[in-house]
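Close look at the chain arrangement
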Amino acid sequence: MRTDFGLVLTAALFLDTFWRSNGEHASKGPCQPGFSQRFYSVLIPRDVLQGQGILKVKFDDCMGNKAVVFQSSNSVQTGGSIFVQGAGASLDEPVQFKVTASGPHKHIWETVVQLAMTDPPSPQQHENEVTKKDGRVTETKEKREAFEAPPPVIKFSGSSLNSSKGLRRQKRDWVIPPINVAENSRGPFPQMLVSIRSDQDQDISIRYSITGVGADQPPNEVFNIDPVLGKMFVTKPLDREHRSSYHLRAHAVDMNGNQVENPIDLYIFVIDMNDNRPEFKNQVYNGSVDEGSKPGTYVMHLSAFDADDNTTANGMVRYRILSQTPHSPIPNMFTINSETGDIVTVATGLDREKLSQYTIIVQATDMEGNLNFGLSNTATAIITVTDINDNPPMLTSRTFSGEVPENRVDVVVANLTVIDADQPHSPNWNAIYRIISGDPSGHFTIRTDPVTNDGMVTVVKPVDFEMNRAFMLTVVVSNQAHLASGIQSSLQSTAGVTISVQDVNEAPYFPTNPKHIRFEEGVPAGTSLTTFSASDPDRLQMQQTIRYSKLNDPADWLSINRTNGQIVTTAMLDRESIYVKNNVYEATFLATDNGSPAASGTGTLQIYLIDINDNPPALIPRESQICERLNRNVNGVNITAADADTDPNAGPFVFELSNFPTSIRRNWTISRISGDYARLGLRNQIYLEPGMYEVPVIVSDSGNPPLSNRSVIKVKVCPCDENGDCTTLGAVAAAGLGTGAIISILICIIILLSMVLLFVVWIKRREKERQTKQLLIDPEDDVRDNILKYDEEGGGEEDQDYDLSQLQQPDSLEHIISKPPGVRRVDERPIIPESQYPIRPVVPHPGDIGDFIHEGLRAADNDPTAPPYDSLLVFDYEGSGSTAGSVSSLNSSSTGDQDYDYLNDWGPRFKKLADMYGGGDDD
């Protein structure tokens, strides 16, 4: 590396606010730490001044660039950019050096900077640098000629491979500079970029080739090389936005394919042209700002992305506002940061109640906002002025009035209207009403109508005309949201509300409801119990009369005086009645005034009935059983009593055996168990036959005086098993049946079962005989199920060619009588009594068909009038005419032979018919 070229260069960090503000990381994907380029190539004019900046090296470690240190292979001065500190004329040949960046994370990034000297361009050359056509930057003739200048020659450096002379150490040159190619070049193509040669091409034949993306890897054949001359060409226009650089390797081999030089790396950078307009992500952006905002208040952010290189002016976008609609209160209410795209306010006067929305046209231009050379695009920003609570609610009147009937609730008595200029149905507009005075008892509340925002004064607690004839309320209204800073409440936010109470006819009421009284049960009818009177609340303006009536008296024990409410019994009160619950009898009475309309109130009278001893006890149980022989100590029946009265008129009970009949006390005994229980049993050495015995027992309660009841308990005495349970025979005997009666009942049961069995056997035998009787016909030919009986057959033979006269009895028998004996015609009827053929019953039994056919056959065989051959037998003459029409005209609708094979599928009953008609050609 040369160090005597007269320049001291310094690399420093250049952080551009445009990089951070426009969200380039978001638009280009995740942040990639490092330098923006791997190689920087700078042409320095010879007339460059000392201290003049020549290059901005861009770097980002994606962590805020904190404590990042930059160094170069030359000297280092961290100041911000690379400056010229010496005379540029001493830079005779290109110089390269490395710039490194390191931070606290111990990672190091590198980039290469190449500087070369060039003559300053003439003014005319600068003016003709680029031209603009149809919004796209194109190359000028001068620039194309510059690219068409003779390309540099790149020689292979390092050790050469020579089979005859061995390795030959050559002078190592500097790093091969990248090849810059302008994008969108118009050619002509192929366009030569560089010439590659080896020092050994004078001795042997060399073949050159290139490899890498763009050569032999997709996209293929963007670059190619003349294998003999080593000239490398680009074959088509390049697009930096598609691919900004290419890395190729150049190879040199002999005719046998042997490598004669080490491969060299070729870096091809596509020079950016301003061929892309800035593009907004959205065509319409929406923002908002509170009304009354101060100047400098942030409103919204717009950003545009330019696909060109953002490290050059081609991709540096600047913003400006083209128009604002409407222009009120001033045409320039907003401004935009030209680099970041942030829109802020610049003036006061935003008032939503006057203007709620602004429309701004924003223009983004590249080339750092140069309108002459940059490309532009526009977007629309819609700014909504949001509401703040800067308008207090105001009541439309200072006083309101209303009226309400007494004793009514949930009634709206007054409607308060309010005006609020803030945004409707928002917390800044919604009204809240409060009663601050005039209603200490809380009779009223004010509810807000969600649609109209009016206040509805509503009664929530009944008012009494006799207590308050009018109310004077003080009401204040406010919003859900607090007023904005500096906004004072209006005097019209407070109003007075006057509410008049209307007197109505109120129902009489019983001061004590329900009313409780105590009486002993059993009081006779006509006893005065109490006076149940009501009061009328309308004591100021209405003097009314109250009448009483009975509304509900379940047992119909009471009556009430219509005028004074005195209650008298109409029947004896009974505590044990089903209408008394928990010793309390309840009745309801009605008090009605004579107002218009009449009003009535109800009152309940509860009578607590004190018990008296008016119910004798009843013995429990009424039936039981006892073993005839068992241990007398445990043998017995536990008995008790039930009394409808309560203590002290119920237990303990006294149990005694009745003195009559005398055998009761002789055979039975009662022993006391407790106050309510006793045991009834047989006396010792007493044996009773099994049977049912009635034992009278006298039970007395503990009332004063006591009440007694003579009850009979039925005791069943029976033999028992070892468990003390009555046996079955014993139970029957105990029921009162003797041994003879029991035996008679069993014999009757056996006879009845035998008769049922014989009847079942006879039915089975008869059914078996019917099933075993065989018919004379073949079961397959049995068509009994198809025999139909008709009452009228009709005469159907008239349309045939039969001579029925030959089948009838002749009118004269002379020709038969005159014939010699023994000589007869076979078709003549003999003069003898005809055989009597059996008459078939109208509804024959299916089992008798065989007998009928057999008898008919026997009669025909014995008939002397029958011919000796098969002939037609006339059983009955059907008449000379027929009311039915001829059936000779009935023809089959089908042509040709009919297929009767389907008869085979109809079962065995049609098998014969199928054999007759389904034979096909055999017939």
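Note that the coordinates shown come from a computational prediction; the quantities given were computed from them, not determined experimentally.

Parameters at a glance
Residues numbered from 1 in each chain as written. Predicted model: local features only at pLDDT ≥ 70, side-chain atom pairs only at ≥ 80, totals over all residues. Heavy atoms only, no water. Helix = DSSP H or I, 4+ residues; strand = E, 2+ residues; numbered from the N terminus. Contact = heavy atoms within 4.5 Å. Areas by Shrake-Rupley, 256 points an atom, 1.4 Å probe, with all protein chains shown as cover. Disulfide = S-S within 2.5 Å. UniProt positions renumbered as here; feature names shortened; annotations may be inferred. Pairing = 2+ DSSP bridges. Axes fitted to C-alpha atoms, helices over the stretch in contact; angles between N-to-C directions. Core = buried A, V, L, I, M, F, W, Y, C linked by side-chain atoms within 4.5 Å. Buried < 20%, exposed > 50% of the residue type's maximum accessible area, 1.4 Å probe, protein only. Phe/Tyr/Trp six-rings, centres within 6.5 Å; stacked < 30°, edge-to-face > 60°. Patch = residues over 30% accessible without salt bridge, like charges linked within 9 Å, V, L, I, M, F, W, Y side chains within 5 Å. Salt bridge = Lys/Arg side-chain N within 4 Å of Asp/Glu carboxyl O. Polar contact = N/O pair within 3.5 Å; in protein donor to acceptor, adjacent residues only side chain to side chain. pLDDT = per-residue confidence, 0-100.

Let's shift gears to the overall build of the chain. Each helix and strand in the chain was counted, giving 10 helices and 51 strands. In the chain, once contacts between residues fewer than 6 apart in sequence are set aside, the share between residues at least 24 apart is 67%. Total accessible area on the chain stands at roughly 55,300 Å², and carbon and sulfur atoms take up 52% of it.

For the structure on display, the rule yields one disulfide. Across a sulfur-sulfur distance of 1.9 Å, Cys627 and Cys720 are joined as a disulfide pair. The sign of the S-S torsion, about -100°, decides the handedness of the disulfide formed by Cys627 and Cys720: left-handed. Pair noted here: Cys627 is in strand S45 (residues 623–627) and Cys720 is in the loop between strand S51 (708–718) and helix H6 (728–734), with a separation of 93 residues, a long-range link.

A separate point is the UniProt feature "transmembrane region" (unreviewed entry) in the chain. Under the UniProt annotation, the feature "transmembrane region" (unreviewed entry) is placed at residues 741–763. For residues 741–763, the helix share is 100%, the strand share is 0%, and the end-to-end C-alpha distance is 34 Å.

On to the sheet that holds strand S40 (residues 558–560). One open sheet holds the three strands; their spatial order is S38-S41-S40, and the pairing between them is antiparallel. Every other strand in the sheet has two partners, leaving strand S38 (528–531) and S40 as the edge strands with one partner each. Averaged over all pairs of adjacent strands, the angle between their axes in this sheet comes to 20°, without regard to strand direction. Bridging between S40 and strand S41 (residues 566–569) involves three bridges; their strand directions are antiparallel. Following the sheet pairing, Leu558 is matched in S41 by Thr569.

Counting 25 residues, the largest nonpolar core has Ile196, Ile210, Phe223, Met232, Leu238, Leu248 and Ile268 as the members making the most contacts within it. Beyond its immediate stretch of four places on either side in the chain, Ile268 contacts Ile179, Val181, Phe223, Met232, Ser244, Ser245, Tyr246 and Leu248. In this structure, Leu395, Ile446, Val457 and Val497 belong to the second largest nonpolar core, which totals 24 residues.

So, on to the side chain of Thr345. Relative to the helices and strands, Thr345 resides in strand S25 (residues 342–345). Here Thr345 is in contact with Val289, Lys294, Pro295, Gly296, Thr297, Val299, Met333, Phe334 and Leu350, once residues within four sequence places are set aside.

Glancing now at the packing of aromatic side chains. Under the definition given, this model contains 11 aromatic pairs. Pairing Trp557 with Tyr585 gives two aromatic rings, centres 4.6 Å apart and planes at 35°, and the pair type is tilted. Remark: Tyr585 occurs in strand S42 (residues 584–592) and Trp557 occurs in the loop between strand S39 (547–552) and S40; sequence separation between them is 28 residues. Clustering of aromatic rings is evident, with ring pairs tying together Phe510, Phe532, Tyr548 and Phe589.

So, on to a nonpolar patch on the surface. A contiguous nonpolar surface patch, about 590 Å² in accessible area, is contributed by Leu752, Val756, Phe759, Val760, Trp762 and Ile763. Structurally, the position occupied by Trp762 is in helix H7 (residues 739–772).

Ordered by their spatial adjacency, four strands build an open sheet running S37-S43-S42-S39, and the pairing between neighbours is mixed. If you trace the sheet from one side to the other, it starts and ends with strand S37 (515–520) and S39, each paired once. With strand direction ignored, the average angle separating the axes of adjacent strands in the sheet is 30°. Note that S39 and S42 share five bridges and pair antiparallel. Counted as the bridge partner of Arg547 is Thr592 from S42.

Next up on the list: the environment of Gln37. Relative to the helices and strands, Gln37 is located in the loop between strand S1 (34–35) and strand S2 (39–45). Sequence spacing of Gln37 and Val113 is 76 residues, and the spatial spacing of their C-alpha atoms is 9.8 Å.

This brings us to unusual backbone geometry. Here the residue pair Phe189 and Pro190 is connected by a cis peptide bond, since its omega of -5° sits within 30 degrees of zero. Examined against the element boundaries, Pro190 turns out to sit in the loop between strand S12 (179–182) and strand S13 (191–197). Pro329 follows Ser328 through a cis peptide bond whose omega is -5°. Assignment of secondary structure puts Pro329 in the loop between strand S23 (318–325) and strand S24 (334–336). Its identity as a non-glycine residue notwithstanding, Asn184 has a phi of 60°, on the positive side. Examined against the element boundaries, Asn184 turns out to sit in the loop between S12 and S13. Although it is not a glycine, Asn453 adopts a positive phi angle of roughly 70°.

Glancing now at the environment of Asn704. Residue position: Asn704 is located in the loop between strand S50 (691–700) and S51. Other than its neighbours up to four places away in sequence, Asn704 contacts Asn613 and Asn649.

Moving on to the pattern of salt bridges. Within the structure shown, the criterion is met by 13 salt bridges. For the salt bridge of Glu368 with Arg318, the shortest nitrogen-to-oxygen distance reads 3.8 Å. Taken together, the positions of Glu368 in the loop between strand S26 (357–365) and strand S27 (376–386) and Arg318 in strand S23 put the pair 50 residues apart, joining distant regions of the chain. The class for Glu368 is partly exposed, based on a relative accessible area of 46%. One continuous salt-bridge network, built from bridges that share partners, spans Arg197, Asp199 and Asp201.

What follows concerns the side chain of Glu261. Tracing the backbone shows Glu261 in the loop between strand S17 (245–253) and strand S18 (264–271). Within the structure, Glu261 has its side chain in polar contact with the side chain of Ser198 (distance 2.5 Å).

Moving on to the pairing of strand S34 (residues 455–459). Residues in a regular strand point their side chains to alternate faces of the sheet. For S34, the tally of buried residues reaches four of five residues, placing the bulk of the element in the interior. Bridge analysis of strand S30 (residues 412–416) against S34 gives four bridges, and the strand direction is antiparallel. Pairing of Asn415 across the sheet is with Met456, part of S34. Examined bridge by bridge, strand S33 (residues 444–448) and S34 share five bridges and lie antiparallel to one another. Counterpart to Thr448 in the pairing with S34 is Gly455. The turn joining S33 and S34, which pair antiparallel and follow one another in sequence, is formed by six residues; a positive phi near 70° is taken by Asn453.

Taken residue by residue, the chain gives an average pLDDT of 77. The fraction at 70 or more is 71%. Low pLDDT (under 50) marks residues 1–28, which in the prediction has 82 contacts with non-local residues, meaning those over four places away or in another chain. Every residue in residues 162–174 is under pLDDT 50, and counting partners more than four places away or in other chains gives 18 contacts.

Another point: the environment of Ala914. Note on placement: Ala914 falls in helix H10 (residues 911–917). On the basis of relative accessibility, which here comes to 4%, the residue Ala914 falls in the buried class. Linking Ala914 and Leu903, residues 11 residues apart in sequence, is a C-alpha distance of 5.2 Å.

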